[in-house]
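Architecture and fold: a report
Each chain, written out:
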Amino acid sequence: MTRCLLNIDLGELPGEDEQLYALAHLANIACGGHAGDADSMRRALELCERHGTLAGAHPSYVDREGFGRKALDVAPEVLRAQVAEQCARLAALARERGVPVRHAKPHGALYHSANKSPELARAVVDGVVEALGTDVTFVGPGSGALKDAARAAGLGYAREGFADRGTLPDGSLIPRGQPGAVLTDVARARENTVRLATGGTVDTLCVHGDTPGAVALAREVRAMLEALEHPPEPLGDSALRLVLPEAVDRRQAREALCSLPGVLDAVITESHACVYFDPATPPESPALVLTRLRVMPVTPVERPLLRIRVRYDGEDLPKVAAHAGLSVEEVVRRHTAREYTVRCVGFLPGFAYLGEVDPSIACPRLATPRTRVPALAVGIAGERTGVYPFASPGGWNLVGTAMDFTAFDPKHGAVMQLGDRVRFEREDA
């Protein structure tokens, strides 16, 4: 594991949301000790296969009544057999489906008890090895008896942190049942994610599948981890380029970045933000910049709708129709049926890249750009559409001409700004 991954404890509750499997990199599947049975394990394995999620065993004290959250007095040799039996049960079902079991992680009280006791830790690790072999990764605390036992057995080891659990001043988890033990606030989970994932002490972060609001928490943690995978790249001595998360509202992202101390300007492209700053006053750390981006609302702020009348007379309209296997009339209908959002502004002053066109009429750019495209030509390039503000060279497929429209005002700049909403209307409609 070379990057910080999201693991989720799954297969524990009836009616479990499938989205959790899509969000998890690793699924820790309850295998009968504290929860789970053959049916739930089969479903979990099926969903892991469907979403490309790595399947792992989640053994526990045999304590279904207490959900495995109470330490039991179990002899090490008995515990080894119990862990082996649980992992073997999952492994047998996984073989039936052809899904490999890649990792193992103890559940609840067993996780904490075994980490304090070398004897119990060896019993847990020996049970895992007996059922799954040594070609698995053991997921556990950053230090302690479990890590020592797993390493001694030749297992890979992933250090775990908890995105949805509160911690005491010494870094240990607040015991369940006490205030602040379980975090359901997305902002707190985000803070934990940044702190742990950038601290160099964990390889994977956990969200518990039974935490209230687990889907929202997991979605935020996964998005944050993906953002942190792409640290800012320096562009010379006074600029940084950041990968811009898909869900972030582009206009708000620019405003937030420009508000950072020392930042002179921010330019938003399709998938990046370029931040220009005073070399004497560099901006905040990359983690804090990315955190600010993730704080942005997922739902864009409602903005007035700009309507642009179009005469669909573009010379490439028949080619776009042929590429789509549709009639010209149907291409026009689908082009005017959608509401578009300004994703970025560039290439020419006032040239707004609008997305997304209906996938059925998306069409690649011209192999050889034209030396001159007339002003106000409406074009399609890939999944984007837009209006040429001036006559210029260009390689977009021309489908029409904007009527009575100005894309760039010399006094006020681009008419269409980041995040603006746009609809095209057929002139003769």
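Higher on the page you've got the structure.
First, a word on scope: everything that follows refers to the structure included in this document. (Residues numbered from 1 in each chain as written. Predicted model: local features only at pLDDT ≥ 70, side-chain atom pairs only at ≥ 80, totals over all residues. Heavy atoms only, no water.)

This next bit is on the pairing of strand 19 (residues 397-403). In terms of residue burial, strand 19 counts as a mostly covered element, since six of its seven residues are buried. Judged from the four bridges that link them, strand 16 (residues 377-381) and strand 19 form a sheet pairing that is antiparallel. Residue pairing in the sheet places I380 in a bridge with N397 of strand 19. (Buried < 20%, exposed > 50% of the residue type's maximum accessible area, 1.4 Å probe, protein only. Helix = DSSP H or I, 4+ residues; strand = E, 2+ residues; numbered from the N terminus. Pairing = 2+ DSSP bridges.)

The next subject is the pairing of strand 3 (residues 54-58). Looking along a regular strand, one sees the side chains alternate between the two faces of the sheet. For strand 3, the buried fraction is high: four of the five residues fall into the buried class. Where strand 2 (residues 26-30) meets strand 3, five bridges bridge the pair, whose relative direction is parallel. Among the inter-strand pairings, N28 is bridged to a residue of strand 3, identified as G56. Following the backbone out of strand 2, through helix 2 (residues 38-51) and into the adjacent parallel strand 3, one traces a crossover that is right-handed. As defined by bridge partners, strand 3 adjoins strand 4 (residues 101-104) across three bridges and the pair is classed as parallel. Bridging across to strand 4, A55 finds its partner in V101. (Right-handed = clockwise from strand over helix to strand, strands pointing away.)

Let us now look at helix 3 (residues 76-97). Over its 22 residues, helix 3 runs 32 Å from end to end, which matches the ideal 32 Å to within 8%, given 1.5 Å per residue. Of all the residues in helix 3, the buried ones are L79, Q82, V83, A84, Q86, C87, L90, A91, L93 and A94. Contacts made by the buried residues of helix 3 are with strand 2, helix 2, strand 3, strand 4, helix 4 (108-116) and helix 5 (118-132). (Expected span 1.5 Å × (residues − 1). Contact = heavy atoms within 4.5 Å.)

On to unusual backbone geometry. Between G355 and E356 the backbone carries a cis peptide bond, its omega angle lying at -10 degrees. Within the secondary structure, E356 is located in the loop between strand 14 (352-355) and strand 15 (370-373). Positive phi is not limited to glycine here, since D404 has a value of about 50 degrees. Among the structural elements, D404 can be located in the loop between strand 19 and strand 20 (408-409).

Let us now look at the side chain of H34. Mapping H34 onto the fold places it in the loop between strand 2 and helix 2. Polar contacts involving the side chain of H34 include one to the side chain of E12, which spans 2.8 Å. Once you skip the residues sitting within four places of it in the chain, H34 turns out to touch E12, H58, S60, Y61, D63, R64, F67, G68 and H107. (Polar contact = N/O pair within 3.5 Å; in protein donor to acceptor, adjacent residues only side chain to side chain.)

Read from one edge to the other, the open sheet built from four strands follows the order 8-9-11-10, with strand pairing classed as antiparallel. Two strands close off the open sheet at either side, each with one partner strand: strand 8 (233-234) and strand 10 (263-268). Here five bridges tie strand 10 to strand 11 (residues 272-277), and the two strands are oriented antiparallel to one another. Counted as the bridge partner of D265 is Y276 from strand 11. The sheet contacts of helix 9 (residues 250-258) involve strand 9 (239-243), strand 10 and strand 11, and relative to strand 10 the element is tilted by about 160 degrees. (Axes fitted to C-alpha atoms, helices over the stretch in contact; angles between N-to-C directions.)

Helix 8 (residues 214-228) packs onto helix 7 (residues 186-197) with a crossing angle of 35 degrees between their chain directions and a minimal axis gap of 9 Å. Helix 7 and helix 8 meet at a crossing whose hand is right-handed. Contacts between helix 7 and helix 8 involve V186, A189, R190, T193, V194 and A197 on the former and, on the latter, A216, L217, E220, V221, M224, L225 and L228. For the contact of helix 7 with helix 8, the per-class residue count stands at ten nonpolar, one polar and two charged. (Left-handed = near helix turned anticlockwise from the far one by under 90°. Nonpolar A, V, L, I, M, F, W, Y, C, P; charged D, E, K, R; others polar.)

Secondary-structure assignment places N28 in strand 2. A residue is classified by how much of its surface remains accessible, and N28, at 0% relative accessible area, is buried. Not counting residues up to four positions away in its chain, the partners in contact with N28 are N7, I8, D9, L10, G56, H58, H103 and K105. A polar side-chain atom of N28 sits 2.8 Å from a polar atom in the side chain of N7. A polar side-chain atom of N28 sits 2.9 Å from a polar atom in the side chain of H103.

Attention now goes to the layout of surface pockets. The volume enclosed by the largest pocket comes to roughly 880 Å³. In terms of lining residues, the largest pocket is bounded by 34 residues, among which Y111, H112, F162, S172 and L173 are the most central. Put simply, the parts of the chain that give the lining of the largest pocket at least two residues each are helix 4, strand 6 (156-162) and helix 7. When residues in the lining of the largest pocket are grouped by element, the largest group, seven residues, is from helix 4. (1 Å grid on protein atoms, 1.4 Å probe; cavity = no way out; pocket = protein on both sides within 12 Å on 5 of 7 lines; lining within 4 Å. Points joined across faces, edges and corners; volume = space filled by probe spheres on them.)

Quick look at the side chain of R250 now. Here R250 lies in helix 9. Given the relative accessible area of 3%, R250 is considered buried. Of the polar contacts made by the side chain of R250, one reaches the backbone oxygen of E270; its length is 3.2 Å.

Applying the stated rule across the entire model yields 26 salt bridges. As a salt-bridge pair, E425 and R307 come within 2.9 Å of each other at their nearest N and O atoms. Of this pair, E425 sits in strand 22 (residues 421-426) while R307 sits in strand 12 (residues 305-311), and the two are 118 residues apart along the sequence. Judged by its relative accessible area of 29%, E425 is partly exposed. A salt bridge links R309 to D404; the shortest N-O distance between them is 2.3 Å. Here R309, found in strand 12, pairs with D404, found in the loop between strand 19 and strand 20; they are 95 residues apart in sequence, far enough to count as distant. A residue is classified by how much of its surface remains accessible, and R309, at 33% relative accessible area, is partly exposed. (Salt bridge = Lys/Arg side-chain N within 4 Å of Asp/Glu carboxyl O.)

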